[in-house]
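Here are the chains, one letter per residue:
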Amino acid sequence: MRVSKVETYVIGGSWRNWVIVRILTDDGLEGVGEATLEGKADSVRAAVGELARYITGKDPFQIERHFQEMYRRAFYAGGEVLNSAISGVETAMWDLKGKALGVPVYEMLGGRTRDRVKLYANGWYRQGMEPVEFAAAARDTIALGFKGLKFNPWGGRQGIDFYRIENSIFNAGVESVAAIREAVGPDVDLFIDCNGIFQTSGNAVRAANAVEEFNIGFFEEPVPHENLDAMAYVRSKINIPVATGERLFTPFAFTQLLERGGADIVQPDMSHCGGMLSALKISAIADSHYAAFTPHNPNGEISHAAAVQMAACVPNFFALEHFPPEPWRFDVCSTSMPVNDGWLEIPSEPGLGVKFNPEEAKKHPYEPVDLYNLHRPEMALKIPKFIDRIR
Ligand SMILES: [Mg+2]
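Sequence order sets the numbering: in each chain, residues are counted from 1 along the sequence as written. For a predicted model such as this one, the threshold for reporting local features is a pLDDT of at least 70, and the threshold for listing and counting side-chain atom pairs is 80 or more; totals across whole chains, interfaces and linings nevertheless cover every residue.

1. Some words on the nonpolar core
(1) Moving on: In these notes, a nonpolar core means any group of buried Ala, Val, Leu, Ile, Met, Phe, Trp, Tyr and Cys residues linked to one another through C-beta atoms within 7 Å. Buried means a residue has 20 or more other C-beta atoms within 10 Å of its own C-beta, exposed means 12 or fewer, and partly exposed covers the counts in between; C-beta atoms are placed from the backbone. Counting 117 residues, the largest nonpolar core has Ile-20, Val-89 and Leu-149 as its most contacted members.
(2) Moving on: Each helix is a run of H or I in the DSSP string that is no shorter than four residues. Each strand is a run of E no shorter than two, and both are numbered from the N terminus. The element contributing the most residues to this core is helix 11 (residues 301–313), with nine residues.
(3) Moving on: Each domain's limits were defined by an automated method or a database of domain assignments. When residues are assigned to domains, this core turns out to be shared by domain 1 (3–103) and domain 2 (107–354 + 372–382), each giving three or more.
(4) Moving on: When sequence neighbours within four positions are dropped, the list of residues in contact with Ile-20 reads Tyr-9, Ile-11, Val-32, Glu-34, Gly-300, Ile-302, Phe-356 and Ala-361. Note on contacts: each residue gets a C-beta atom placed from the backbone, and two residues are in contact if those atoms are within 7 Å.

Structure (structure tokens):
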């Protein structure tokens, strides 16, 4: 079996473009992977094209060998663009191999260590940022069955300055956390994602200390991702577990993070981290540092399906981030992963368990985004509402 063609699709998702990689073989098989990179779809598309010239004509079963060629032998393979491209191609090879052998990817990565996946909700906060609005939306989301909620109580507020957080904004965030905890009671998990908005370590520590009393399960990206020593410093000063890693790639970066004591929970993104075998290696490195693993999971259905495969087999898996899907998502990618009462059923279909429909994908064209600013106040409004996962 040889790779005969590599196709790239850029699909206009509701709040980010998805970059889908499809690998075809000379005996009629196909595999799909996702290389979505927020605001950089054109760059990743070009990078996938360069990898496509290498992978065409090769045996797609030799996944580690091709990863080494694409990453290590290529001289330049660092950063978010090139690692996202590699992630898409690598994941497509796993999907293809699973389909060829008739097994889910997790069966090739050690088999199931659990029978279903605990979810926590994100993207439920599209209602407005007053404490009373947060509380009402939190109640509505818990009513859908979710046992955990993630949110950024400070990001997205008008007038926010990342170096000088105004007391009015700081206090409104703390009051929102208090209102949410009061609304959902003591048993629901609350996770705070700072998205790196505190660009002084001291303010990150101050913010964590201000919300500590509300029993926060983790405090994510309290400072940006570039300085791992600063992340470790913040972790040493606060009494909430630190989660980070959506903007870190490959086992190398996660080793450096964990050696410094920078995280309790690692969050590699399946579209960026180097692929499924990289994610498995990252999970093992995390486990050896007594850290848990939970993939960052805001992208399209193929990246989501890859994260579910990891959740099925990784022993130190924590819980999976779950965003509301676009109403048309399952026309583009049909899957079999029902969600019941905040838990997701692990699929038993071969590969990733995704059936990609290129004709449906073409109905949702690429929308150019030159700069992707997650903290624009209108950003939350682009996220769809929670719906039943349509099959
Ligand atoms: Mg995050």
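From this point on, the discussion continues.
2. Quick notes on the environment of Tyr-120
(1) Moving on: Here Tyr-120 shows up in strand 4 (residues 116–121).
(2) Moving on: Residue classification places Tyr-120 among the buried positions, given that 23 C-beta atoms sit within 10 Å.
(3) Moving on: Sequence separation between Tyr-120 and Leu-29 is 91 residues, and the spatial gap between their C-alpha atoms is 35 Å.
(4) Moving on: Here Tyr-120 is in contact with Phe-146, Gly-148, Leu-149, Lys-150, Asp-189, Phe-191, Ala-319, Glu-321 and His-322, once residues within four sequence places are set aside.

3. Concerning the environment of Glu-182
(1) Moving on: Positionally, Glu-182 belongs in helix 6 (residues 167–184).
(2) Moving on: When the C-alpha positions of Glu-182 and Arg-139 are compared, they lie 10.0 Å apart, and in sequence the two are 43 residues distant.

4. Considerations on the packing of helix 1 (residues 41–55) against helix 3 (residues 79–101)
(1) Moving on: Axes, fitted as lines to C-alpha atoms, cover a helix only where it is in contact. Angles between the N-to-C directions of the axes lie from 0 to 180 degrees. Interhelical geometry of helix 1 versus helix 3 gives an angle of 55 degrees and a closest axis separation of 8 Å. When the axis of helix 1 is compared with that of helix 3, the two are oblique. Remark: the crossing between helix 1 and helix 3 carries right-handed chirality. Where helix 1 abuts helix 3, its residues Ser-43, Val-44, Ala-47, Val-48, Leu-51 and Ile-55 lie against Val-81, Leu-82, Ser-84, Ala-85, Ile-86, Gly-88 and Val-89.
(2) Moving on: Throughout this entry, Asp, Glu, Lys and Arg are counted as charged residues, while Ala, Val, Leu, Ile, Met, Phe, Trp, Tyr, Cys and Pro are counted as nonpolar. The remaining residues, Gly among them, count as polar. Per-class residue counts for the contact of helix 1 with helix 3 are 10 nonpolar, three polar and no charged. Roughly parallel means an angle under 35 degrees; roughly antiparallel means over 145; roughly perpendicular covers 65 to 115; every other angle is labelled oblique. Crossings are classed by handedness, with left-handed meaning an anticlockwise turn of the near helix from the far one by less than a right angle and right-handed meaning a clockwise turn.

5. A look at the pairing of strand 2 (residues 17–25)
(1) Moving on: Most of strand 2 sits out of view: seven of its nine residues are buried.
(2) Moving on: Only when DSSP finds a minimum of two bridges between them are two strands counted as paired. As paired strands, strand 1 (residues 3–12) and strand 2 are joined by nine bridges and run antiparallel to one another. When the bridges of strand 2 are listed, Val-10 appears paired with Val-19.
(3) Moving on: Taking the residues between adjacent antiparallel strands as the criterion, strand 1 and strand 2 are bridged by four residues.
(4) Moving on: As paired strands, strand 2 and strand 3 (residues 30–34) are joined by five bridges and run antiparallel to one another. Each bridged residue has a counterpart across the sheet, and for Ile-23 the counterpart in strand 3 is Gly-31.
(5) Moving on: In this structure, the hairpin formed by strand 2 and strand 3 is closed by a connection of four residues, where Gly-28 is found at a positive phi of approximately 90 degrees.

6. Here we look at unusual backbone geometry
(1) Moving on: Backbone geometry at Phe-75 places phi at a positive 70 degrees, although glycine is not the residue there.
(2) Moving on: By secondary structure assignment, the location of Phe-75 is in the loop between helix 2 (63–71) and helix 3.
(3) Moving on: Phe-75 gets classed as exposed once you count the C-beta atoms within 10 Å, which come to 5.
(4) Moving on: Phi at Asp-341 takes a positive value of approximately 55 degrees, unusual for a residue other than glycine.
(5) Moving on: Given 9 C-beta atoms within 10 Å, Asp-341 falls into the exposed group.

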